[in-house]
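# Geometric and topological summary
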Amino acid sequence: MSMQETVRLNRDLTAQFPDLHPPLGTQAAVVEANRCLNCFDAPCTAACPTHIDVPRFIKKIATGNLKGSALTILDANILGASCSRVCPVGVLCEGACVLHRYNKQPIEIGRLQRYAMDDFYRGEAQVQKRSVSDRKQKVACIGGGPASLSCAAELRQRGYQVTVFERRTAAGGLNAFGVAEYKLRFAESLKEVEMIKGLGVEFQLGVSITGESDLLRLEDEFAAIFVGVGLGTMRTLGIPGEVNAAVIDAVNFIESYKSGKRASINGRVLVVGAGNTGIDAAIASIRLGAAEVTILSRRTDKQMSAFPFEYDHAKQEGVQFRWLIRPVAIKQTADGSNLLECMKTLLTADAKATTIAGTNFPLPFDTLISAIGQAPLLELLHHFRNVELDHGRVVIDQETGRTSNPKIYAGGDCVNGGREVVDAVADGKRAAIAISKALEVSE
Amino acid sequence: VISRADAPDLSLLFAGKIASPNPFWLASAPPSNCGEQVMRAFDAGWGGAVWKTIGAQVANVSSRYSSIDWNGQRMMGLNNIELISDRPLEINLKEIAETKKRYPKHAIVASLMVESTRDAWHTIVRQAEDVGADGLELNFGCPHGMSERGMGSAVGQVPEYAELITGWVKEAARTPVIVKLTPNISDIREVARAAKRGGADALSAINTINSITGIDLDTLVPRPNVGGKSTHGGYCGPAVKPIALSMVQQIQSDPESCLPLSGIGGISDWRDAAEFILLGCSSLQVCTAVMHYGYRIVEDMIDGLKNWMAEKGFSRLEDFRGLSLGNTTEWKHLDLNYKIVARINESKCIGCSLCYIACWDGAHQCIHLDRATEGPRTQSTPAMIEAASRQSIATTPIPKLDNMRSNEESPGTPLARIPRVDEQECVGCNLCNLVCPVDGCITMEEVSTGLPYESWQQRAESGTTNEKSV
């Protein structure tokens, strides 16, 4: 059974994971759209990594030109639908809204964008190519996540022949498998992939690009390569007893419930790491039936890497937080139950956590989810010829996405260490524009 | 309605004879269609009512109104193709009598329209006065339907007819005769003067304006759609207030037109009311606002007007009636040496840059976004500024990656987004002040030119109109 089929069969998710931000109705959307001041050189547009012309698409909602609104969004951001749901708008467009300084009520840009995109995907769901003429040159995009999809769509719209190589049997990357279900459903992510497929982008699914020989073959066949491979596996805790069936990592956990492989989680769940992914995993655990979910962090909420609104959401869902705790070992009791041995920590002046001797204590658990960040995909990145890395991240020229190998471009998490979908989309688009310029010259 | 012992007195005696506890009257329209309605309106606080026009026999169509919505607000302007009262004359007369009997202190004016014969007018005047109407309003303004039959605006657009019929009415009338003027004419004073010559005791203005509010873009039929066809209607509501105020000012500033005036046209709240009175109106007639929200709106009209009067030290309506007429003149008398410039209050600016784009595209290119640049950038066009912004690389601020502190208070407007006015180039047109969404952020301030008052008329008289002003 393919991944899509598995997901389609798993229909209970909608009930368990209702939309965090429900869609706007037509009347509400028009009222909200009319509230937008239509700023010149709007700060929301500048704050958006893909520079969506926000006032323009909002005013088109106000005039009832929904088709124009959707195309305005997609012109800047081909993944406008998923971004409307998953973007941390509070620190992006809505955070920049001038109404914060007016009546403290920023425009609900994310929900308005979703309103326009929902209409688009209910309808013809197809964008026009930018260029009428097809070009012969071929570009490979490695990885089927947001960065590659964006790069592929932009290049295809400009007439190039693009192939996306994805190791899974469905494209979408973290959009499809890594975003909390109450933010973005797998099916919604799939619609975007279908739309991009409709542009004429070729997808080679279930194809792993692993070794040097694969890469040499690609370099040979394609005029340019875009690397959008994201990050590798979750970092391990590095403590004794970690290899245990009750210990899973957050990315795998989220993928397993979204793809339907896991339908429930029981008992006491401990989540190590107070980042956005840790919070996604903790909330999902509650929705999937866990009796008690606790997030552990060796520092405090002041240093937490999760966004404040994610923290608030987790607390509302009933997730507990325990600060200044460091796991040191995983043990099993005689009756087979699991214990996480922890130590208390102390913050130094520069907010580093140090353990306090003699403070060891056990925390019983049924499942432990590690969420302390994904490691770079070094096993692949090392094989690229002449591509400079820095701390496991691909080094690029920011404006063009070009690596130290002039034929290879990169973007997304493998470059930035793990930002948002919209950052990956922006990276992919900038790289596509640069690739297009470079190939035009060589034509 | 809350009333206080020392509250300003809103009562009036219109045209010297029609007593009313306050200046707020229902205009002749659907809200004054029957006795039951008018009595409820009086209970709500309305001082008077001009009864829905009686006289000629009519039939009405179904689908009668259409409106203009603006930015999500309903009924900025209302259009109707309804005719005068379609109820039997005897019923209307009976209900006028009953209402007047139960509300003797309130003003009831009968609005009249009949075919253009002396007998018909004499008859209707007698009928209305016999049932106790305090005054008569001659409907010379209805612009749709009735005008096709030689009534309404067909009379009001021809000064001779208006004068003639006013004269016929005056032959029979014992109560004040108010001529209601149509705005659908080049110069409203022509008919106002004719009415005055015909002996009218008062005027009311304005009636509705010819209008087609819009077209259904699916059926391609204008609104309102009467079985696939439409026709022009009469336009009223907030959208027409400026036109009404201008016509009121024209009438009241013209000695040959000037009579006691009942102001009509988009009056929706006490501020509108005060403005009509400041231009010389005595009573005020309201329709659209009542059709939108009901009779209850009169409470704030009375309350707000009283509070404003008390604040300004006016104890009676006469204390401020017409005060703004003296502040209105012809363009040729305005001071060419008076100069104001726009000033932006930086602490209030929210950074929308609407003043900037308005000035560049709609005014005189003297507002610039160059506070954060080295030296002035008066040649940077909007397109250049937008292009630079689109080229910028923005990323999502991630707490872990960007070492940022969460829960930061949102900072004030960045200096780069606070526009700067080039006061040397500013012509004081007010546009930036008008588009600015923040109260008190952009102020228009007088700067001295050091020159005495000088008008175009003076220049014309001294032959200096070709010289460039300083």
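Residues numbered from 1 in each chain as written. Chains lettered and ligands numbered in written order. Predicted model: local features only at pLDDT ≥ 70, side-chain atom pairs only at ≥ 80, totals over all residues. Heavy atoms only, no water.

What follows concerns the overall build of chain B. Secondary structure summary: chain B contains 15 helices and 18 strands in total. Overall size of chain B, expressed as C-alpha extent along the three principal axes, is 85 × 65 × 55 Å. By residue count, 51% of the 470 residues in chain B fall in the buried class. Entry remark: accessible area of chain B is about 22,200 Å², with carbon and sulfur atoms responsible for 50%. Of the side chains in chain B, 44 bear a positive and 55 a negative charge, and the two mean positions are spaced by 3 Å. (Helix = DSSP H or I, 4+ residues; strand = E, 2+ residues; numbered from the N terminus. Buried < 20%, exposed > 50% of the residue type's maximum accessible area, 1.4 Å probe, protein only. Areas by Shrake-Rupley, 256 points an atom, 1.4 Å probe, with all protein chains shown as cover. Lys, Arg positive; Asp, Glu negative; His and termini not counted. Charge placed at Lys NZ, Arg CZ, Asp CG, Glu CD.)

Our next topic: the packing of helix 7 (residues 241-252) of chain B against helix 8 (residues 270-278) of chain B. Residue and element names in this part refer to chain B. Across the interface, helix 7 lies against helix 8 with an axial gap of 9 Å and an inter-helix angle of 20 degrees. In this view, helix 7 runs roughly parallel relative to helix 8, as classed from their interaxial angle. The two elements helix 7 and helix 8 cross, and the hand of that crossing is right-handed. Residues Lys241, Ala244, Leu245 and Val248 of helix 7 form the contact with helix 8, whose participating residues are Asp272, Glu275 and Phe276. Here the contact of helix 7 with helix 8 is composed, by residue class, of four nonpolar, no polar and three charged. (Axes fitted to C-alpha atoms, helices over the stretch in contact; angles between N-to-C directions. Parallel < 35°, antiparallel > 145°, perpendicular 65-115°, else oblique. Left-handed = near helix turned anticlockwise from the far one by under 90°. Contact = heavy atoms within 4.5 Å. Nonpolar A, V, L, I, M, F, W, Y, C, P; charged D, E, K, R; others polar.)

The subject of this paragraph is the packing of aromatic side chains. Under the criterion given, the structure shown has 18 aromatic pairs over all chains. Judged by centre distance (5.6 Å) and plane angle (50 degrees), the ring pair of B:Trp308 and B:Phe314 falls under tilted. B:Phe314 carries the same exposure label as B:Trp308, and that label is buried. Arranged with centres 5.0 Å apart and planes meeting at 80 degrees, the rings of B:Trp308 and B:Phe320 form a pair that is edge-to-face. Here B:Phe320 lies in the loop between helix 10 (298-312) and strand 15 (339-344) and B:Trp308 lies in helix 10, a separation of twelve residues in the sequence. Neither residue differs from the other here; B:Trp308 and B:Phe320 are each classed as buried. Cluster of aromatic residues (ring-pair linked, three or more members): A:Phe17, A:Tyr182, A:Phe253 and A:Tyr257. (Phe/Tyr/Trp six-rings, centres within 6.5 Å; stacked < 30°, edge-to-face > 60°.)

The next thing to look at is the confidence of the model for chain B. When pLDDT drops low, the exact placement of atoms in the prediction is not to be read closely. Looking at chain B, the pLDDT average stands at 94 and 96% of residues meet or exceed 70. For this predicted complex, the interface confidence comes out at an ipTM of 0.89, alongside a pTM of 0.92. (pLDDT = per-residue confidence, 0-100.)

All names here are of chain A. Side-chain alternation along strand 13 (residues 367-370) places Thr367 and Ile369 on one buried face and Leu368 and Ser370 on a second face that is also buried. Direction of pairing for strand 5 (residues 247-249) relative to strand 13: parallel, over a ladder of three bridges. Residue pairing in the sheet places valine 247 in a bridge with leucine 368 of strand 13. Here four bridges tie strand 6 (residues 268-272) to strand 13, and the two strands are oriented parallel to one another. Its bridge partner being in strand 13, valine 269 is matched across the sheet by threonine 367. (Pairing = 2+ DSSP bridges.)

The next thing to look at is the sheet that holds strand 4 (residues 224-227) of chain A. Residue and element names in this part refer to chain A. Reading across the sheet, the five strands line up as 3-2-1-4-16 and stay open at both edges, with parallel pairing between neighbours. A single partner strand is all that each edge strand has here, and the edge strands are strand 3 (202-205) and strand 16 (408-410). Recorded for the sheet is a direction-independent mean angle of 20 degrees between the axes of neighbouring strands. Examined bridge by bridge, strand 1 (residues 138-142) and strand 2 (residues 161-166) share five bridges and lie parallel to one another. When the bridges of strand 2 are listed, alanine 140 appears paired with threonine 163. Against the sheet, helix 13 (residues 212-221) touches strand 1, strand 2, strand 4 and strand 16, its axis set at about 150 degrees to strand 1.

A few words now on the nonpolar core. Burial of nonpolar side chains together is a common tendency in soluble globular proteins. Membership of the largest hydrophobic core comes to 97 residues, with the highest contact counts inside it found for A:Phe57, A:Ile58, A:Ile61, A:Leu112, A:Phe120, A:Ile196 and A:Ile435. Of the residues forming this core, the biggest block, nine residues, is contributed by helix 19 (residues 421-442) of chain A. Residues within four places of A:Ile58 in sequence aside, it is in contact with A:Ala33, A:Cys36, A:Ile107, A:Ile109 and A:Leu112. One finds B:Ala49, B:Val177, B:Tyr235 and B:Leu245 within the second-largest nonpolar core, a separate group that totals 90 residues. (Core = buried A, V, L, I, M, F, W, Y, C linked by side-chain atoms within 4.5 Å.)

Residue and element names in this part refer to chain A. Looking at the element boundaries, threonine 300 is found in the loop between strand 7 (292-296) and helix 16 (308-317). Considering only alpha carbons, one finds threonine 300 and serine 131, 169 residues apart in sequence, at a separation of 52 Å. Once residues lying within four places of it in the same chain are set aside, the contact partners of threonine 300 are Trp323, Leu324 and Leu347. A distance of 2.7 Å separates the side chain of threonine 300 from the side chain of glutamine 303, its partner in a polar contact. (Polar contact = N/O pair within 3.5 Å; in protein donor to acceptor, adjacent residues only side chain to side chain.)

All names here are of chain A. For the pair helix 15 (residues 276-287) and helix 16, the least separation of the axes is 10 Å and the interaxial angle reads 20 degrees. In this view, helix 15 runs roughly parallel relative to helix 16, as classed from their interaxial angle. Crossing of helix 15 over helix 16 shows left-handed handedness. Between helix 15 and helix 16, the residues in contact are Asn276, Ile279, Asp280, Ile283, Ile286 and Arg287 and Glu310, Tyr311, His313, Ala314 and Glu317, respectively. Looking at the contact of helix 15 with helix 16 residue by residue, the class counts come to five nonpolar, two polar and four charged.

Opposite the 39 residues of chain A that make contact, chain B presents 37 residues. Together, the buried faces of chain A and chain B total about 3,100 Å²; carbon and sulfur atoms form 57% of this surface. Ranking the residues of chain A by area buried against chain B places A:Phe40, A:Arg101 and A:Arg419 at the top, with a combined share of 26%. Across the contact surface, chain A and chain B share two salt bridges. A salt bridge links A:Asp53 to B:Arg390, with the nearest nitrogen and oxygen atoms 3.0 Å apart. At the junction of chain A with chain B, the criterion picks out twelve residue pairs in polar contact (both at pLDDT 80 or more). It is helix 4 (residues 43-47) of chain A that provides the largest number of residues to the side of chain A that touches chain B, a total of four residues. Of the residues assigned to the side of chain A that touches chain B, the class counts are 19 nonpolar, ten polar and ten charged. (Buried area = accessible area lost by both parts, 1.4 Å probe. Salt bridge = Lys/Arg side-chain N within 4 Å of Asp/Glu carboxyl O.)

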